[in-house]
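# Working through the structure, step by step
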Amino acid sequence: MKIIISNSSSVPIYEQIKSAFIKQILSGDLMVDEALPSIRSLAQDIHISIMTIKKAYDELEREGYIKIVQGKGAYVALINKELAIEHAKKEIEEYIEKAVLIAKEHHISEEEIKALITFIYRSDEE
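Residues numbered from 1 in each chain as written. Predicted model: local features only at pLDDT ≥ 70, side-chain atom pairs only at ≥ 80, totals over all residues. Heavy atoms only, no water.

### As for the packing of helix H1 (residues 13-27) against helix H3 (residues 50-62)
Interaxial distance between H1 and H3 falls to 8 Å at its minimum, and their mutual angle equals 50 degrees. For the element pair H1 / H3, the angle class is oblique. Between H1 and H3 lies a crossing whose hand is right-handed. Across the interface between the two elements, Ile 13, Tyr 14, Glu 15, Ile 17, Lys 18, Phe 21 and Ile 22 of H1 pack against Thr 52, Ile 53, Lys 55, Ala 56, Tyr 57, Glu 59 and Leu 60 of H3. For the contact of H1 with H3, the residue count by class is nine nonpolar, one polar and four charged. (Axes fitted to C-alpha atoms, helices over the stretch in contact; angles between N-to-C directions. Helix = DSSP H or I, 4+ residues; strand = E, 2+ residues; numbered from the N terminus. Parallel < 35°, antiparallel > 145°, perpendicular 65-115°, else oblique. Left-handed = near helix turned anticlockwise from the far one by under 90°. Contact = heavy atoms within 4.5 Å. Nonpolar A, V, L, I, M, F, W, Y, C, P; charged D, E, K, R; others polar.)

Take a look at the structure:
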């Protein structure tokens, strides 16, 4: 299980954990019905409070990424494709917001940014 936590990040630790799992689920690194580490063992492995791990797992379950079976553990849920697409769009939106902020700081026009995005998007097609 590969989870990197940044103590200097403004993102809460449970959100970092949740995001790490979501990325691994959506990328296929974690497969449907694959068991996740127990809350206790993950807390020990990454030196984070059990309550923080529990909060991350509870949110992952609420959002449909995992299923928690009482007394057995947490497992990767069958992902709703629309949910996965929405997650991807949200992540793209965050990157675009950062890019637009940088562009505005350096007086780079909207047209230049659109042209750059189009170029990058289509560069894989060649």
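### Some thoughts on the environment of Gln 24
Within the element layout of this structure, Gln 24 appears in helix H1. Ignoring sequence-local partners within four residues, the contact set of Gln 24 consists of Met 1, Lys 2, Ile 3, Asp 29 and Leu 30.

### Overview of the pattern of salt bridges
Inspection of the entire model under this criterion finds nine salt bridges. Across the pair Lys 54 and Asp 58 runs a salt bridge, and its minimum N-O distance is 3.0 Å. Residue Lys 54 and its partner Asp 58 are both found in helix H3; the two are separated by four residues, about one turn of the helix. Given a relative accessible area of 35%, Lys 54 falls into the partly exposed group. Salt-bridge contacts for Glu 94 lead to Lys 90; the nearest nitrogen and oxygen are separated by 3.7 Å. Of this pair, Glu 94 and Lys 90 are both found in helix H4 (residues 81-105), four residues apart, which corresponds to roughly one turn of the helix. (Salt bridge = Lys/Arg side-chain N within 4 Å of Asp/Glu carboxyl O. Buried < 20%, exposed > 50% of the residue type's maximum accessible area, 1.4 Å probe, protein only.)

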